[in-house]
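Geometric and topological summary
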Amino acid sequence: MTNAPVAQLRLVLETEDLDAALAFYRDVLGLRELESYDGPGGARVVILEAPTATLELANPAQVAYIDDVEVGRPVAHRYPLTVRVAFEVPEAAAAATRLAAGGAEVVAPAVETPWRSLNARFEAPGGMQITVFEELDPA
């Protein structure tokens, strides 16, 4: 391993309906389109930008706790591991309304968490569970 830091985090979401997912993440959620490529056999990819990214590692007990706080019951998708994407927004309640109107299925409305954020959970077009959150005590 080198001492060079990681330059970028890319999370790849596979979806059967790329157009619906793109319309949601780009046009409704507001991620900026950076690049797109077409390949052989109908292959397509669109790269969207979030201003900053973190990698959150959580054990199963924490995933269950977050589900309980945000939704009140276990809802996290279990693949070989649980994946949920969370986006910090300036106003979670307004974003939740916009996402629901833009095609996301509401899993749970905005709720204040013990860690002082306002979180709302959705099933986004393309099948990914997402959370939008607003930090209530910004640093």
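Described in the following lines is the structure provided in the data block. These numbers come from a predicted model, not from an experiment.

On to the overall build of the protein chain. Counting secondary structure elements, the protein chain contains three helices and six strands. Traced from its N-terminal end to its C-terminal end, the protein chain shows the element sequence α-β-β-α-β-α-β-β-β. Over its C-alpha atoms the protein chain spans a radius of gyration of 16 Å, differing by no more than 12% from the 14 Å that the globule rule assigns to 139 residues. Residues counted as buried form 32% of the 139 residues belonging to the protein chain. In the protein chain, 51% of the contacts between residues at least 6 apart in sequence involve partners at least 24 apart. Of the roughly 9,200 Å² of accessible surface on the protein chain, a fraction of 56% belongs to carbon and sulfur atoms. Within the protein chain, one finds 10 positive and 21 negative side-chain charges whose respective centroids are separated by 1 Å.

Across a regular strand the side chains alternate sides, sitting on one face of the sheet and then on the other. In the sheet, strand E1 (residues 32–38) pairs with strand E2 (residues 44–49) via six bridges, with the strands oriented antiparallel. If you follow Arg32 over to E2, its bridge partner there is Glu49. Once E1 ends, the chain turns through five residues before running back antiparallel as E2, passing Gly41 with a positive phi of about 70 degrees.

With that settled, the discussion passes to the environment of Asp67. Along the polypeptide, Asp67 turns up in helix H2 (residues 60–70). Judged by relative accessible area, which is 2%, Asp67 ranks as buried. On a C-alpha basis, the gap between Asp67 and Ala108 in space is 9.7 Å, while along the polypeptide they are 41 residues apart. For Asp67, the contacting residues outside a window of four places in its chain are Gly72, Arg73, Pro74, Val75, Ala76 and Arg121.

Here the focus is helix H3 (residues 92–101). For H3, the full list of buried residues reads Ala92, Ala95, Ala96 and Leu99. Axial view of H3: buried residues confined to an arc of 105 degrees, hence all on one face. The exposed residues of H3 that point more than 90 degrees off its buried face are Thr97 and Ala101. Immediately downstream of H3, the backbone of Gly103 shows phi near 110 degrees, a positive value.

Most often, soluble globular proteins keep nonpolar side chains buried together rather than apart. Phe24, Tyr25, Leu99, Phe122, Ile130 and Val132 are the most contacted members of the largest nonpolar core, which has 21 residues in total. Elements supplying a minimum of two residues to this core: helix H1 (18–28), strand E3 (85–88), H3, strand E5 (117–123) and strand E6 (129–135). Setting aside anything within four residues of it in sequence, one finds Val132 in contact with Leu29, Phe87, Val89, Ala92, Ala95, Ala96, Leu99, Leu118, Asn119, Ala120 and Phe122.

Attention now goes to unusual backbone geometry. Even without being a glycine, Arg116 presents a positive backbone phi close to 65 degrees. Tracing the sequence through the fold places Arg116 in the loop between strand E4 (105–112) and E5.

Reading guide: rules and limits
Residues numbered from 1 in each chain as written. Predicted model: local features only at pLDDT ≥ 70, side-chain atom pairs only at ≥ 80, totals over all residues. Heavy atoms only, no water. Helix = DSSP H or I, 4+ residues; strand = E, 2+ residues; numbered from the N terminus. Rg over C-alpha atoms; globule rule 2.2 N^0.38 Å. Buried < 20%, exposed > 50% of the residue type's maximum accessible area, 1.4 Å probe, protein only. Contact = heavy atoms within 4.5 Å. Areas by Shrake-Rupley, 256 points an atom, 1.4 Å probe, with all protein chains shown as cover. Lys, Arg positive; Asp, Glu negative; His and termini not counted. Charge placed at Lys NZ, Arg CZ, Asp CG, Glu CD. Pairing = 2+ DSSP bridges. Arc of directions from axis to C-beta. Core = buried A, V, L, I, M, F, W, Y, C linked by side-chain atoms within 4.5 Å.

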